[in-house]
Every structure is written in structure tokens, then in C-alpha cells.
Amino acid sequence: MRKVVIWFRRDLRLDDNPALNLAISLQAQILPIYIHSPEEEAPWFPGGASRWWLHHSLRKLEQELSGRGLALHYFLGNARDILPSLVCSENIDAVIANRLYEPHLARRDEELFGRLSAEGVQTNLFDSSLLFRPGSILNKQGKPYRVFTPFWRSARQHLEASTPPAVPAMPTGNLQAIRQDTAGSGSLEDLGLLDNNPWHEKLHSHWEVGERAAQHKLENFLNTGIGEYKSRREFPALKGSSRLSPHLHFGEITPGQIYRSLEPLLHLRNVAERSSIECLLSELGWREFAYQVLWNYPQTSRQSMNPRFHDDFWKDDTEALHAWQHGTTGIDLVDAGMRELWETGWMHNRVRMVTASFLTKNLGLHWLHGARWFWDTLVDADLASNSLGWQWVAGCGVDAAPYYRIFNPLRQAKKFDSSGIYVDRWIAERPCSPGLVDLETSRRDALERYKHAANIRDGAPG
Ligand SMILES: Cc1cc2nc3c(=O)[nH]c(=O)nc-3n(C[C@H](O)[C@H](O)[C@H](O)COP(=O)(O)OP(=O)(O)OC[C@H]3O[C@@H](n4cnc5c(N)ncnc54)[C@H](O)[C@@H]3O)c2cc1C
């Protein structure tokens, strides 16, 4: 009987999983594996909150697989070394996985799968975690879009024309497993994903991890939240958005599954609800756009897309950074957001924009400082969406907010948290101490600096 490795990565689910589906259809003995290879993810080593999610998501996947007679095998180290030696020691005939789209990991996979197939091993890589493979939506000149609206108009038409197909459901009953004692593998604990300090215990009260929880959350949202998504999603005190982002990041659910659940509702619901559904689809569109941008401009995870905003544009202020990180800036909405992040591993999108604007514009600090902090503290930390989000707010990426858009946290709070429920939830000691910076003076200072940088680009230094 043939032997097949199914290599799980950010596709921690059984349903709608084309790689697993092929492994099953080959009627071979199956060896499911997970390789934790932080060195290969450098310089974006998985952050603390992400590793917490990953640990529990793997545990859930392990339980689901074991219910089907399969044991998930864990490895720690570089996939470049581990996979070829596993293939050799276990006489593996095929290695199957779903694609990763971070350019450095996609390069590793291409090289590794190339080596394996040169040695006669069957290799298959599937698309499954995006609606569109990066690079597949191009403008009329055959170039990548740099602005979201035309990108989404084009992508939406593609979706309208052909719904992403579902993967056939898994057959019931046990699957053929390869014997359990595979050389070099260890336990989930051996991966060392959880920090020794149990700070992460608190996350359990905010999240249920895993494929089943993701499906349940989607169903619940479609039954109770989707109709009012558009009108409620901007208010951080409400649970108005889906909170599916970590599930999507780890592939516990796919955007294809979400799209296929939403599409029939477009024909059934009233105008307002249809507009809410379109709004949610366009948010998924931002996720797609983020991956297209990272794919086409891989440097944007490390440096400003716009060269005017390279490292010397930004100020240095360790104390201010520390106050921002720990929610002690004295600006209520900013501090509430940073504390929500610290307590729950998640922050509302509107507040992400406000806190990011405060860091980069009012404090003048490099967006990379913010991106790194989010990377370590968000359970949904995602290289494409995080890099795009930060560069958008800082005004230095593609389709960036214009430089004169500086969110005023007081006005934002008045508009989106007028009764102060969100701020009260996260800040016990209101009224706060005086702000770290004067909002008006720091706004004017930022405008000057951005204007000066703009003039340099135009060849007329201010
Ligand atoms: C500075 C900054 C950093 C961010 N970092 C991340 C990150 O690391 N990981 C991450 O998943 N999102 C990030 N976002 C985008 C956004 O804030 C989150 O995706 C959203 O808050 C998740 O909540 P939700 O699942 O309830 O979203 P919903 O409103 O329910 O949207 C559904 C899904 O669409 C996607 N989505 C929504 N908004 C965006 C967006 N603006 N960009 C990309 N995808 C989007 C998410 O996958 C989300 O789960 C960032 C935004 C900013 C401004």
C-alpha cells in the first residue's frame, strides 16, 4: 500500500481541505504531520498569543484526526531537513499540503517540493486559504492592483461568475494510518508553543479554538449577526463583527466556506441585509487584497512601501512606546484598545486604526514597532493583514490613508463609543492622567513632518 504524508500548516481542519481530500482518495496509508519551524518563519517568529492559539488548535485537530483513526505527528525544526529525512525513513510515496502565501514560506515549499519530486516522490500543493491565489487578479495592464476598490470590483465579478467549489465531504469511518511510532516525532508539548508563564490562561475565557468552534461561530453569526453587521461593526462596545479572524488565519475555516454560506442569503434577504452581506464580503476582500500586496511587494512586511518613510523618518522614544504598549498614554480610547488587546488577544478594527494612528502620527514612532507588538499579542496575527493595516494607517503603503488623515481619538470615541461603554470596560481608573502628548500639537507636528516628506518626493524639500 502507498504511504502518504499530509502536511498540516495553516489549514487546521478536516472539512473543505483539498490536501486531506487527495490523501484520502489515494486510498493509501496516511501519516498526518505538523512541523513547527520558527527559524523558517524568521524574522516574524510566531508571537506569544499566536502560539497559544496554535497549540490549542493542534490539540483539537489531533482529537478530530484520532476520531478517524489517524495520529497527528509533531516535529520541531526546519521542514527543509525534517521532511526529506521522514520521506526516506518511512518510505513515503507522496507529500501533500495546502499552500502558504507568505513569499518566504512559499519559496521554501517550492524548493523543498522540487527536491522531493526530483527524487520521485509525488508532491501536491493546493490552494485553500484564499478565494484567489495571489497574482491571479490583475488590472487591464496585467499589473497588480495597488488600490483596494478596483481590486475588489474585479475580484467580486470573478466570484459572481464562479463560486469557489467545495471539497467533497470526508468519508465516514476510520482511515488507514501509518504505524504510530514514527522516528523523530514528539508530542505537542515538545513543540514548546506555550510560554512557561501562564499569562495565556486568560485567553480561554475569550476564545473557543478549533474547526468546530469556527463553524459554530459562523452559523451563529449568520443566524443572529449578519443582518446588522454593517450598522454595528464600527462600534467597539458591541459584538458587531464576526470575530472569525483567528479561525481564518489558522485555516480552521476557509473564506470559501464563508462565501458559500453567504451567497444563498444574497437571494433571500432584504436590501439592508444584502448590503450587510456585501459589506462582510468586502472585508474578506481586504484580506485577499492584503495577500496580493504581500505577494507582489514582499518587502512591505519589513519596510515602508513608500521610500519617503524609511527608517530615519520616524522618531525614537522608548518611554512613549512602552506607554502605548501598556495602555498608559492617558488617551482613553487608545488605552482601552491596548488593554483589550492585552487581555483578550484581539482588538476591534476601528480601535486598531485609532491606536495605530496615535502611535505613528501623534507619537511619530515607526509603524514596525506597532506591527511587532500586534504580532506578539494578537491571536489573529497575520503577516499580510498586519503589514497592510499598519502601512495603511501610517500612510506609507499601497492605497494608504492620505497623510492628513490623523484619527483624533477623542472625536473617534465620541462617534463610536459615545456612552463610553467600551472605554469603561477596559479602563477602571477613569478619568485618566493627562495625555502623553497634546493631541493638537502632535497632530500639527505630524502634518508638518508628512508634508515635508511629501515635498521631498516632489523634488521641493519644504
Ligand atoms: C493596524 C492594523 C493591524 C491589523 N492586523 C491584523 C492582523 O494581524 N490579522 C488580521 O486578521 N487582521 C488584521 N487587521 C484587520 C482587522 O482589524 C481584523 O481582520 C478584524 O478586526 C478582525 O475582526 P473580525 O473577524 O470580527 O472581522 P469582520 O469584520 O467580521 O471581517 C471578517 C473577516 O474579514 C477579514 N478582514 C476584516 N477587516 C480586514 C482588514 N482591514 N484587513 C484584512 N482583513 C480584514 C478578517 O479575516 C475578518 O475575520 C488589522 C487592521 C489594522 C488597522
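Residues numbered from 1 in each chain as written. Predicted model: local features only at pLDDT ≥ 70, side-chain atom pairs only at ≥ 80, totals over all residues. Heavy atoms only, no water.

**A look at helix H13 (residues 349–362)**
- With 14 residues, H13 extends 19 Å between its outermost C-alpha atoms, agreeing within 8% with the 20 Å of an ideal straight helix rising 1.5 Å per residue.
- Of all 14 residues in H13, 13 are buried; the element is thus mostly enclosed.
- Among the residues trailing H13, Gly364 stands out with phi positive, at a value near 70 degrees. (Helix = DSSP H or I, 4+ residues; strand = E, 2+ residues; numbered from the N terminus. Expected span 1.5 Å × (residues − 1). Buried < 20%, exposed > 50% of the residue type's maximum accessible area, 1.4 Å probe, protein only.)

**Observations concerning the pattern of salt bridges**
- Evaluated as defined, the whole model comprises 23 salt bridges.
- Residue Arg80 pairs with Glu40 through a salt bridge whose shortest N-O separation is 3.7 Å. Of this pair, Arg80 sits in helix H3 (residues 79–89) while Glu40 sits in the loop between strand E2 (29–36) and helix H2 (48–66), and the two are 40 residues apart along the sequence.
- For Glu40, a relative accessible area of 9% gives the class buried.
- The salt bridge partner of Arg133 is Asp127, with a shortest N-O separation of 3.0 Å.
- What makes Asp127 partly exposed here is its relative accessible area of 33%.
- What you see here is one network of salt bridges that share partners, running through Arg9, Glu40, Arg80, Arg108, Asp109 and Glu111. (Salt bridge = Lys/Arg side-chain N within 4 Å of Asp/Glu carboxyl O.)

**So, the layout of surface pockets**
- One number sums up the size of the largest pocket: a volume of about 1200 Å³.
- Together, 41 residues line the largest pocket, and Glu283, Trp286, Asn349, Arg352 and Ser385 are the ones closest to its centre.
- A total of 7 residues in the lining of the largest pocket trace back to one element, the largest contributor, which is helix H15 (residues 383–394).
- Split into classes, the residues belonging to the lining of the largest pocket amount to 21 nonpolar, 9 polar and 11 charged. (1 Å grid on protein atoms, 1.4 Å probe; cavity = no way out; pocket = protein on both sides within 12 Å on 5 of 7 lines; lining within 4 Å. Points joined across faces, edges and corners; volume = space filled by probe spheres on them. Nonpolar A, V, L, I, M, F, W, Y, C, P; charged D, E, K, R; others polar.)

Don't take any of this as a statement about function, it's just geometry.
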